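This is what each chain is made of:
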Amino acid sequence: MTTTSLRLALFQPDIPQNAGTMIRMAACLGITVDIVEPAAFDVSDRHFRRSGMDYLERAAVARHDSFRAFEDWRQAEGRRLVLAETDGATALPDFAFQPGDIVMVGRESAGVTSDVRAAAEASLHIPMQPGLRSINVALAAAMVMGEALRQTSGFFRRDETDHEPAPPR
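Computed from a prediction, not measured in an experiment: that's the story for all the values here. (Residues numbered from 1 in each chain as written. Predicted model: local features only at pLDDT ≥ 70, side-chain atom pairs only at ≥ 80, totals over all residues. Heavy atoms only, no water.)

1. Looking at the confidence of the model for the chain
The condition that has to hold: Confidence of the predictor at the level of single residues is given by pLDDT, which spans 0 to 100. Any two residues having at least one pair of non-hydrogen atoms within 4.5 Å are treated as being in contact.
Overall, the prediction assigns the chain a mean pLDDT of 88, with 86% of residues at 70 or greater. The low-confidence segment residues 163-169 (pLDDT under 50) makes 3 contacts with residues lying over four places distant or belonging to another chain.

2. Some points on the pattern of salt bridges
Note on pairing: side chains with opposite charge can pair once their charged atoms come close. We apply this condition: The rule for a salt bridge is simple: a side-chain nitrogen of Lys or Arg has to be within 4 Å of a carboxyl oxygen of Asp or Glu. Numbering of helices and strands runs from the N terminus; a helix is a DSSP stretch of H or I covering at least four residues, while a strand is a stretch of E covering at least two. Burial here depends on accessible area, computed with a 1.4 Å probe over protein chains only, as a share of the maximum for the residue type. Under 20% is buried, over 50% is exposed, and the range in between is partly exposed.
Counting across every chain of the model gives 9 salt bridges. In this structure, Glu71 engages Arg74 in a salt bridge whose closest nitrogen and oxygen atoms are separated by 2.5 Å. You can see Glu71 and its partner Arg74 sitting in helix α3 (residues 67-77), 3 residues apart, about one turn around the helix. Grouping residues by exposure puts Glu71 and Arg74 together as buried. Asp101 is the salt-bridge partner of Arg80, the closest N and O atoms lying 2.7 Å from each other. Here the residue Arg80 occupies a position in the loop between α3 and β4 (81-84), and Asp101 occupies one in the loop between β5 (90-91) and β6 (102-105), the gap between them amounting to 21 residues. The exposure classification of Arg80 matches that of Asp101, with both residues buried. Salt bridges linked by common partners bring Glu71, Arg74 and Glu121 together as one network.

Below, the structure is given as structure tokens:
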């Protein structure tokens, strides 16, 4: 399986359906997922398995016992940590992604902790209509990773995939 150098990190995910959806998306796009424990559910959770379907077995997933373990690994790899938050400093369209970036999304219930915020080199937000709180974390992750792949030329070309292109309409 081919993967891009971009990664998606899930910080202590607490809704199994969202985590499964993000892992399914990552499998399809060749993005490795880092899960920063503790998660609020077991990977055998039926909602997690249902939303990820058979893509979970095809996904590249790395688990980290804690944020400290993740951060030690990340620093050793020399990768930039970019937070996707509702109150991030930079609007998504104005952010310049780099190959090797790790985009982290927080818990649905509480976001990320202050030590995670302090460790991040950048934070971004998706501009939204005034008065609305947030986009579902799985949808936000898809939007951010799509833009990151576009900027870093990380999308697969049809000739790189193992399936036939769709017939013309």
